[in-house]
Amino acid sequence: MGEAIVITSGKGGVGKTTTSANIGTSLALQGKKVCLIDTDIGLRNLDVVMGLENRIIYDLVDVVEKRCKTHQALVKDKRFDGLLYLLPAAQTVDKSAVTPEQMQELITELKQDYDYIIIDCPAGIEQGYKNAVAGADKAIVVTTPEVSAVRDADRIIGLLEKEKDMEPPRLIVNRIRNHMMKTGDMLDIDEITQHLSIELIGIVADDEEVIKASNHGEPIALNPNSKASIAYRNIARRILGESIPLQSLEDQNKGVFSKLKKFFGVR
Amino acid sequence: MKNRQNVTIKGTKDGLVLHLDDTCSYEELKQELDQKLSANSRTEEERHLISVKVDIGNRYLTDGQKEELKELIRQKKNLMVDDIESNVITKEEANRLKEENEVVTVSRIVRSGQVLRVPGDLLLIGDVNPGGTVIAGGNIFIMGVLKGVAHAGCFGNEQAVIAASSMKPSQLRIGEYINRSPDSNPANEHREMECAYINENHYIIIDRLQALNHLRPNLTRLEGGH
């Protein structure tokens, strides 16, 4: 029996889809059987980030309306030997095409076969959000060190805390720019975690490589040398229950920072 | 066989008090009141209105009955009912009174989009995040950071106060009055252990917590003790 984790944020553009793709990839790299579900019906793009767009035959709506079997709609990721699958969203209809009950049923079914179901939630707190959250056991809230993103994360956490049968959500702070945080131009991580007061499960630095990788349809987590990739892999290991101190992540970031400083010749 | 009188009129130093017996029926009471007040009418010579208090003992009167009695007394005499006093109230009223005088303790974070509302005083153990709102009929005490909106005395009580361990509100409201945070807020400013109240010029003022014991001595509910 696997577990379903919803990746949500409230605000758009903070990196939910990228995070979903990379956590899914990292879990598969750890040898877990993973199914990614894109619930952003009408505005799907998890398939693009995963580079699986051209293999889609059936989608989420086909599955819940029983036009196909669930396994027929799952797109297999060839890079992983039967460990990573994607259930893409439909593109021609909108969020109201699916109900929370249908999602619950689908996820219960998938949990039999997979270790982890990663649900990519659309932005907003309406129907799409309700669908995405319906079947989830756990939630991860993604935010960036911006006041607006933190505000929306706060709202989402409030809503998630009302969900029955769900563990308290955990937090990923995405797109951290270390130099801005140092100068105080960006909210720092302590400020964010104190404000939201939920457990921090990972921090991811702002890395141009992430954008490059997404555009090529290859999640950054596949590239072992990028700092963002290591961050995502660490998050995956924390999901698996390993305790990797967050402190070491900060140190690692500091390491990168000092390397950068060295590079620019700053003392 | 002389009945006990159901209606007695007494003069006290605070004015006239009509004592209405609480063991007879309401109809009897009305009748006697009618007779008594008519009988005495000639002794009354002055034309101006005299205010009286009505004491109905352990009798419960509905609002309609109260109006009826007031009207009755008003017609017969130059008497004006000031107040009807009763020893009993309904459960509903009692509950409301209790709620309004109660301190409700809540331990949670009031997040963006959430509203926490209590009829009496609120003791919040946790923060109010920006976009979150706490509303109380009485005072608000926050053991945490107030970053959202707090509305004390929401039924119009201007004596209500708002106190917080850390006072960084986006807006404060007490009764009908509103105060927002200054547009430029020095980040390093100490905003700890402060309270907000309405001063004599009807502005919401933020002051040290310790100022409250002079400004609102009624906050102390401890009776007796040392």
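As recorded in an unreviewed UniProt entry, chain B goes by Probable septum site-determining protein MinC and comes from Neobacillus rhizophilus. As its UniProt record puts it under Subunit (unreviewed entry), chain B is described as follows: "Interacts with MinD and FtsZ." Turning to chain B, the UniProt annotation filed under Sequence similarities (unreviewed entry) states: "Belongs to the MinC family."

Looking at an unreviewed UniProt entry, one finds chain A named Septum site-determining protein MinD, with Neobacillus citreus as its source organism. Note on chain A: under the UniProt heading Function (unreviewed entry), the record states "ATPase required for the correct placement of the division site. Cell division inhibitors MinC and MinD act in concert to form an inhibitor capable of blocking formation of the polar Z ring septums. Rapidly oscillates between the poles of the cell to destabilize FtsZ filaments that have formed before they mature into polar Z rings." Database annotation for chain A, UniProt heading Sequence similarities (unreviewed entry): "Belongs to the ParA family. MinD subfamily."

Colleague: Any chance you could explain the sheet that holds strand β13 (residues 177–180) of chain B here in plain terms?
Modeller: Within a sheet, adjacent strands bond to each other through the backbone by hydrogen bonds, running parallel or antiparallel. Residue and element names in this part refer to chain B. The five strands lie next to each other as β6-β8-β10-β12-β13, forming an open sheet whose pairing is mixed. At either end of the open sheet lies a strand with only one pairing partner, and these are β6 (115–118) and β13. Strand-to-strand, the axes of this sheet are offset by a mean angle of 10 degrees, without reference to chain direction.

Colleague: I'm lost on the domain arrangement of chain B in this one. Help?
Modeller: It is common to give the size of an interface as the accessible area lost on bringing the parts into contact. Along its sequence, chain B is carved into domain 1 (7–85) and domain 2 (95–219). One C-alpha centre belongs to domain 1 of chain B, the other to domain 2 of chain B; they are set 44 Å apart.

Colleague: Can you help me understand unusual backbone geometry in this one?
Modeller: Leaving glycine aside, a negative phi is the common case for residues, and trans is the common case for peptide bonds. All names here are of chain B. The backbone phi angle of Met193 is positive, close to 50 degrees, even though this residue is not glycine. Mapping Met193 onto the fold places it in strand β14 (residues 192–198). With a phi angle near 60 degrees, His202 is a residue other than glycine that sits in the positive phi range. With respect to the secondary-structure elements, His202 resides in the loop between β14 and β15 (204–208). Owing to 11 C-beta atoms within 10 Å, His202 belongs among the exposed residues under this scheme.

Colleague: Where do I start with helix α1 (residues 16–29) of chain A in this structure?
Modeller: Side chains that are three or four residues apart share a direction in an α-helix, a result of its 3.6 residues per turn. Between the first and last C-alpha of α1 of chain A there are 20 Å, a value that for 14 residues agrees with the 20 Å anticipated at 1.5 Å per step. Summarising burial for α1 of chain A: 14 of the 14 residues are buried, a large majority.

Colleague: Is there a simple way to explain the sheet that holds strand β3 (residues 50–55) of chain B in this structure?
Modeller: Residue and element names in this part refer to chain B. The four strands lie next to each other as β1-β2-β3-β4, forming an open sheet whose pairing is mixed. Unpaired on one side and paired on the other, β1 (7–12) and β4 (79–85) mark the two borders of the sheet. Adjacent strand axes in the sheet meet at a mean angle of 30 degrees when their direction is disregarded. One ladder, built from six bridges, connects β1 with strand β2 (residues 15–20); its direction is antiparallel. Looking at β2, one finds that Lys10 is bridged to Val17. Here helix α2 (residues 63–76) sits on the sheet in contact with β3 and β4, set at roughly 150 degrees to β4.

Colleague: Could you clarify how one ought to interpret the packing of helix α5 (residues 100–111) of chain A against helix α6 (residues 127–134) of chain A in this entry?
Modeller: Describing two packed helices takes the angle between their axes plus the distance from one axis to the other. All names here are of chain A. Running from N to C, α5 and α6 point in directions that differ by 30 degrees, and their axes come no closer than 7 Å. One way to sum up the angle between α5 and α6 is to call them roughly parallel. Like other packed secondary-structure pairs, α5 and α6 cross with a definite hand, here right-handed. Across the interface between the two elements, Pro100, Met103 and Gln104 of α5 pack against Lys130, Asn131 and Ala134 of α6. Within the contact of α5 with α6, the residues separate by chemical class into three nonpolar, two polar and one charged.

Colleague: Please explain the UniProt feature "domain: CobQ/CobB/MinD/ParA nucleotide binding" (unreviewed entry) in chain A as it appears in this structure.
Modeller: Within this structure's numbering, the places UniProt gives as "domain: CobQ/CobB/MinD/ParA nucleotide binding" (unreviewed entry) are residues 5–220 of chain A. In residues 5–220 of chain A, the share of helix is 40% and the share of strand is 19%. The end C-alpha atoms are 20 Å apart.

Colleague: Would you mind showing me how to read helix α9 (residues 189–196) of chain A here?
Modeller: Residue and element names in this part refer to chain A. Of the positions making up α9, those classed as buried are Ile192, His195 and Leu196. Projected onto a plane normal to the axis of α9, the buried residues spread over an arc of 85 degrees and lie on a single side. Exposed residues lying more than 90 degrees from the buried face of α9 are Asp190 and Gln194. Where α9 is buried, its residues contact β6 (138–143), α7 (147–162) and β7 (170–176). Backbone geometry just after α9 places Ser197 at a positive phi near 40 degrees.

Colleague: Sorry if this is basic, but what is going on with the pairing of β14 of chain B here?
Modeller: If a strand is regular, its side chains alternate between the two faces of the sheet. Residue and element names in this part refer to chain B. Among the seven residues in β14, five count as buried, and that is most of the element. Relative to β14, strand β11 (residues 162–167) is paired through four bridges, and the arrangement is antiparallel. Note on β14: the bridge partner recorded for Ala163 is Cys195. Looking at chain direction, β14 and β15 are connected through five bridges and run antiparallel. Looking at the pairing, Tyr197 lines up with Ile205 of β15. Once β14 ends, the chain turns through five residues before running back antiparallel as β15, passing His202 with a positive phi of about 60 degrees.

Colleague: Please clarify how the environment of Leu83 of chain A should be interpreted in this entry.
Modeller: Residues and elements named next belong to chain A. Considering the arrangement of structural elements, one finds Leu83 in the loop between β3 (75–76) and β4 (84–87). Note: C-alpha distance between Leu83 and Val147 (64 residues apart in sequence) is 38 Å. Sequence-distant contacts of Leu83, defined by excluding residues within four places in its chain, comprise Ala28, Lys32, Lys33 and Val34.

Colleague: For this particular structure, what's the right way to read the interface of chain A and chain B?
Modeller: Facing the seven residues of chain A at the interface are eight residues of chain B. No other element matches the five residues that α7 of chain A contributes to the side of chain A that touches chain B. When the residues that make up the side of chain A that touches chain B are grouped by side-chain class, the tally is one nonpolar, three polar and three charged.

Reading the values: the criteria
- Residues numbered from 1 in each chain as written.
- Chains lettered and ligands numbered in written order.
- Predicted model: local features only at pLDDT ≥ 70, side-chain atom pairs only at ≥ 80, totals over all residues.
- UniProt positions renumbered as here; feature names shortened; annotations may be inferred.
- Pairing = 2+ DSSP bridges.
- Helix = DSSP H or I, 4+ residues; strand = E, 2+ residues; numbered from the N terminus.
- Axes fitted to C-alpha atoms, helices over the stretch in contact; angles between N-to-C directions.
- Domains from an automatic or database assignment.
- Buried ≥ 20, exposed ≤ 12 C-beta atoms within 10 Å, placed from the backbone.
- Expected span 1.5 Å × (residues − 1).
- Contact = placed C-beta atoms within 7 Å.
- Parallel < 35°, antiparallel > 145°, perpendicular 65-115°, else oblique.
- Left-handed = near helix turned anticlockwise from the far one by under 90°.
- Nonpolar A, V, L, I, M, F, W, Y, C, P; charged D, E, K, R; others polar.
- Arc of directions from axis to C-beta.

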